[in-house]
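Examining the three-dimensional arrangement
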Number of protein chains: 2
Amino acid sequence: MNMKDTISIGHGGGGRLARDLIKNLFLKHLNNPKLAPLGDSAVFELNGSTIALTTDSFVVKPIFFPGGDIGKLAVCGTVNDLSVVGARPLYLSCGIIIEEGFSLKDLEAITLSIKESADKAGVEVITGDTKVIEKATGGNIYINTAGIGIIENSIALGIDKINIGDKIILSGTIGEHGIAVISKREGFDFESTIESDCASLNEITQKALKAGCIKFMRDPTRGGLAAVLNEIAEDGSLDIKIDEDAIPVRDDVKGICSMLGLDPFYIANEGKVVIVAAKGDAENILRALHNDPLGQNASIIGEITGKGEHGVYLKTSYGGTRILDMPVDDPLPRIC
Amino acid sequence: MNMKDTISIGHGGGGRLARDLIKNLFLKHLNNPKLAPLGDSAVFELNGSTIALTTDSFVVKPIFFPGGDIGKLAVCGTVNDLSVVGARPLYLSCGIIIEEGFSLKDLEAITLSIKESADKAGVEVITGDTKVIEKATGGNIYINTAGIGIIENSIALGIDKINIGDKIILSGTIGEHGIAVISKREGFDFESTIESDCASLNEITQKALKAGCIKFMRDPTRGGLAAVLNEIAEDGSLDIKIDEDAIPVRDDVKGICSMLGLDPFYIANEGKVVIVAAKGDAENILRALHNDPLGQNASIIGEITGKGEHGVYLKTSYGGTRILDMPVDDPLPRIC
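Thoughts on the nonpolar core
By size, the foremost hydrophobic cluster in this structure holds 75 residues, and its most contacted members are Leu107, Ile141, Ile143, Ile168, Ile242 and Ile247 of chain A. Residues Ile98, Ile110, Ala246 and Leu262 of chain B belong to the second largest nonpolar core, which totals 74 residues.

Considering the interface of chain A and chain B
Contacts between the two partners involve 77 residues from chain A and, on the opposite side, 77 residues from chain B. Interface area for chain A against chain B, summed over the two sides, is near 6,900 Å², with a carbon-plus-sulfur share of 68%. Three residues stand out in chain A for area buried against chain B, namely Ile7, Leu104 and Ile126 of chain A, and they jointly supply 11% of the buried area on that side. Between the two partners, chain A and chain B, sit 10 salt bridges. In this structure, Lys131 of chain A engages Asp56 of chain B in a salt bridge whose closest nitrogen and oxygen atoms are separated by 2.9 Å.

Topic: the packing of aromatic side chains
If you walk through the whole model with that rule in mind, you get 3 aromatic pairs over all chains. On the basis of an interplanar angle of 50° and a centroid distance of 4.3 Å, the ring pair of Phe44 of chain A and Tyr91 of chain B is categorised as tilted. With one member in each of two chains, Phe44 of chain A in strand S1 (residues 42-46) and Tyr91 of chain B in strand S5 (residues 87-99) form a pair that bridges those chains. Residue class for Tyr91 of chain B comes out buried when judged on its relative accessible area of 10%. One residue, Lys131 of chain A, lies across the ring of Phe58 of chain B, its end atom 5.6 Å from the ring centre.

Structural notes on the domain arrangement of chain A
Residue and element names in this part refer to chain A. Considered domain by domain, chain A is made up of domain 1 (3-151) and domain 2 (159-323). On a C-alpha basis, the centres of domain 1 and domain 2 stand 22 Å from each other. Listed by partner, the interface residues are 30 residues for domain 1 and 29 residues for domain 2. With both sides pooled, the region where domain 1 packs onto domain 2 buries about 2,300 Å², and carbon together with sulfur makes up 50% of that total. The interface formed by domain 1 and domain 2 holds 5 salt bridges in total. Between Glu234 and Arg19 there is a salt bridge whose closest N-O contact spans 3.1 Å. Here domain 1 is connected to domain 2 by 14 residue pairs in polar contact (both at pLDDT 80 or more).

Conventions we followed
Residues numbered from 1 in each chain as written. Chains lettered and ligands numbered in written order. Predicted model: local features only at pLDDT ≥ 70, side-chain atom pairs only at ≥ 80, totals over all residues. Heavy atoms only, no water. Core = buried A, V, L, I, M, F, W, Y, C linked by side-chain atoms within 4.5 Å. Buried < 20%, exposed > 50% of the residue type's maximum accessible area, 1.4 Å probe, protein only. Contact = heavy atoms within 4.5 Å. Buried area = accessible area lost by both parts, 1.4 Å probe. Salt bridge = Lys/Arg side-chain N within 4 Å of Asp/Glu carboxyl O. Phe/Tyr/Trp six-rings, centres within 6.5 Å; stacked < 30°, edge-to-face > 60°. Helix = DSSP H or I, 4+ residues; strand = E, 2+ residues; numbered from the N terminus. Lys NZ or Arg CZ within 6 Å of the ring centre and 35° of its normal. Domains from an automatic or database assignment. Polar contact = N/O pair within 3.5 Å; in protein donor to acceptor, adjacent residues only side chain to side chain.

Listed below in structure tokens is the structure:
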């Protein structure tokens, strides 16, 4: 990373540029044993309790989109970052930066959405902050939520727990969130309305944890499924084989992606989880997912095949095999 | 509050407009028993531990100013919000929103400043997030820090603990932070360089708590000393009498305020604390403050004189008495 350079939109994506920025700047200088390695939540002990802390800022544009809004996203996103480390989310903070000229009516709608989403996830917003910046377009709002949760039953997930033979489970169809936001932003008028999958994953992840031995979980947001699989492969020095036909993608999402030249594997989701499970427990966990409203389309999509080459290999629908690369930047900026 | 209205710069200040927004929108809709009442930290019990959680976003302009930068501010501000509820700060999260085109060199300088300030305060940044927004001026960065701390020794501060006769202590001179930022922003070339007082208050507040019975603490940031005193008066239905001559203000700050038509009582500080102490313990606490590098100019500035009228009365240097009002909006926007 050349320090003469400047920040580009890709530095905020879910791909290579963002990972390099985090590794070469933030992790380099802020390094400490607890620092959450590249995403999700940090975990620490406090007086005998295991606590998870996470933070996420939301800059999605437009702020209201089919299936959600920035307030719902801010709650679900942080609840999900806690959920995927096995924590039961408890409390959220909410820091709002608003542009001068922003509509109070919209701010109220967003606040109500935060409340509704928090109630649904069983968490409480207990502290907040508001800052106002000068007017630009008048329509910008940025929301940061930090979240705290408790990890019970000695759950300890980590990429280092993953073994050859472990199965990879995806909790449902991919691509809806990104397509819903981009459709609204660009004013596309598709026949079928695709809604964001934005949802809190705390219940479904707790059900999955009870159903069998889970090694690792991550929600495929920025960078999509491809980024999460590559993170697992890279950080764990693992080889992953994925079966394209096993990955659930809605036909309308496929169609729109094909029209726009996008690959659903790289599109952000906000209500899905990738689970790496012990081989013998995968079917049991899959059944638990199918019994949850958010897991109807859950599928075992692949497995850990080796250690050392650390790549993600996709068995395509046509019978061939191709490498599923880590995205470099983001195909869709300001998606969350 | 008329919902047809839009957000103004004053809604992000430390005065009446901001309080109304919080009360009529955020507290109204998000209401729950733990929600931090108008500032500072929320406090909750978890498995027998008393934990404080707080959040603050920083939008200061310019990002580098005499005595500090946005990174130092982001650490100190959140450490201070934990400190004033009596918590020992432990961990911070850090969510950064950066404008496309922002200098990587500046981002590195800010990251190093975060690290240095965190080390100095004895806290660790353990989780983070980065988002990038489209280019406007290319120079904007917004930092949110949430913080978690632990409250020990059964400390339980609150405005409801305050009694008639309690003394009000100010830990040092007021006005430097606001004047330092505005001088740099507007390119004023004052003879004496005034530096921001930006500092972490965790050590001095712990020393004060050990020295005697403290009822309540708050750091006078946005809205300045006047806002904090009015918040205490209003939220506690208390009458406060302050002695203008007892309030430490540097001569150069007084001079610049007078030139710019500003009142130092309303200017933001980032390294000061207002303490309400039991009458009999005030002198002891004052001595403890004087023994800390940040408390050299600490002073007993007034006392609680009654209940019911809930106003702040200032005995002026000229012998008269005037009401010290709650600010309506902020004389200096984007100061923190």
